Amino acid sequence: MKSHTLLMPLDMHLHLRDAVMLENVAPLSAYSFSGAIVMPNLVPPVETAEDVIAYKARIMAAVPNDSFEPYMTLFYKNYNKAFLESVADEITAIKLYPAGITTNSEGGISSFDVEEMRPTLQAMSDMEIPLCVHGETDGFVMDREAEFMSIYELLASNFPKLKIIMEHITTKEAVDMLDKFDNLYATITVHHLILTLDDVVGGMMKPHLFCKPIAKRPEDLDALLSVALAAHPKVMFGSDSAPHPQHKKESCGCAAGIFTAPIALQLLCEIFEQFDKLDNLQAFVSDNAQSIYGICPEFKEVTLEKRPFVVPENYSGVVPMYAGETLSWAIENVD
Ligand code: DOR
Ligand code: ZN
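Here is what the cut-offs are and how they apply
Residues numbered from 1 in each chain as written. Chains lettered and ligands numbered in written order. Predicted model: local features only at pLDDT ≥ 70, side-chain atom pairs only at ≥ 80, totals over all residues. Heavy atoms only, no water. Donors = N, O, S within 2.8 Å, 3.2 Å for Na, K, Ca; no water. Helix = DSSP H or I, 4+ residues; strand = E, 2+ residues; numbered from the N terminus. Buried < 20%, exposed > 50% of the residue type's maximum accessible area, 1.4 Å probe, protein only. Pairing = 2+ DSSP bridges. Axes fitted to C-alpha atoms, helices over the stretch in contact; angles between N-to-C directions.

### Examining the coordination of the zinc ion (ligand 2)
For a metal with four tetrahedral donors the ideal donor-metal-donor angle is 109.5 degrees, while six octahedral donors give ideal angles of 90 or 180 degrees.
Piece 1. Around the zinc ion (ligand 2), the protein supplies His-13 (NE2), His-15 (NE2) and Asp-240 (OD) as donor atoms, at distances of 2.0 to 2.1 Å.
Piece 2. The sequence pattern formed by the donor residues of the zinc ion (ligand 2) is H-x1-H-x224-D. Here His-15, found in the loop between β2 (10–14) and α1 (19–32), pairs with Asp-240, found in the loop between β9 (235–237) and α10 (246–249); they are 225 residues apart in sequence, far enough to count as distant.
Piece 3. In this structure His-15 comes out as buried when scored by relative accessible area, which is 7%.

### What to know about the sheet that holds strand β10 (residues 301–305)
Two pairing modes exist for strands in a sheet, parallel and antiparallel, and in both the strands are linked by backbone hydrogen bonds.
Piece 1. Taken together, 3 strands build an open sheet; the order of strands is β1-β10-β13 and the sheet is antiparallel. Strands with a single pairing partner mark the edges of an open sheet, and in this sheet they are β1 (3–7) and β13 (330–334). Each strand of the sheet is rotated relative to its neighbour by a mean of 30°, with strand direction disregarded.
Piece 2. Summarising the sheet, β10 and β13 pair through 4 bridges and their orientation is antiparallel. Bridging across to β13, Thr-303 finds its partner in Asn-333.

### Overview of unusual backbone geometry
Piece 1. Here the residue pair Val-43 and Pro-44 is connected by a cis peptide bond, since its omega of -5° sits within 30 degrees of zero.
Piece 2. Among the structural elements, Pro-44 can be located in the loop between β3 (35–38) and α2 (49–62).
Piece 3. For the bond running from Lys-212 to Pro-213, omega is -5°, close enough to zero to count as cis.
Piece 4. Looking at the secondary structure, you find Pro-213 in the loop between α8 (197–202) and α9 (218–229).
Piece 5. Even without glycine at this site, Ser-316 takes up a positive phi of about 50°.
Piece 6. Checked against the element boundaries, Ser-316 lands in the loop between β11 (309–310) and β12 (326–327).
Piece 7. Overall, the relative accessible area of 53% leaves Ser-316 in the exposed class.
Piece 8. With a phi angle near 65°, Tyr-322 is a residue other than glycine that sits in the positive phi range.
Piece 9. Within the secondary structure layout, Tyr-322 lies in the loop between β11 and β12.

Here it is in structure tokens:
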């Protein structure tokens, strides 16, 4: 049987939530990933050193001993330098949300005035704290990411030493930015390597494929595939796995977020194999992230096999992408 082994897989963009949801979903990521960048959009958001330390402790308590490293983030505000110095040892990055752009982002940034942000961003740059960005404007939904490119240009050119991660990119415009600025990087989800808008709303509306940023056009999908499959050194895997209870997805006001954590590696094997690029998956799912973030995860070896895997209908009340469908790769063993 065909098999493929991945060393220290990393999920560089993950929502783990809190309380019972955290207890239900964290072990699923801890099973197949060595570590993950954990998003701070809790209610209320993770904004202080105490918040970060306490949230990390709750994550560690929810996963089997020493099986998983949560790389913690802080919710971006225009923090001052003294505060950043006091919290720097506790965090791996800071996540910036435009206010109200997605789930639990109401406390985000409402102005991208560079001078207002300069003290914070310059301090982050000096202290080598990466800035992770949800890059969407409040424009027409299909244009939101492309419209945000001018803000990435502004940030990247004003803070040339600041590592800026364009999170969960979905467009050709974002792919093209990678080679324009040395300090711009990107995460790509597995669902954005598969879906276009047609899959979400082209037939019956599919709430479990609805996320922000929404999947775009075929030419955008092609651009994302080209850099992911080539394991472009500035891109890394970040699932943006975002669990919502079933009733919040299957409702007249569907929450944005696709739950992929337990099927992500299986799907990635399927995609990379389909394009005969399995040899590049290790770089996409771990090595690039290790170089970009300068992190060194604990050893973990995940072996996948090419055999049918039926995706569970739900995981403790959270419906995953492709629930009930059969994938062609399964996780065989984790060491
Ligand atoms: O679809 C999304 N869900 N996009 C985000 O940016 C946030 C996430 C969530 O937290 O549910
Ligand atoms: Zn996210």
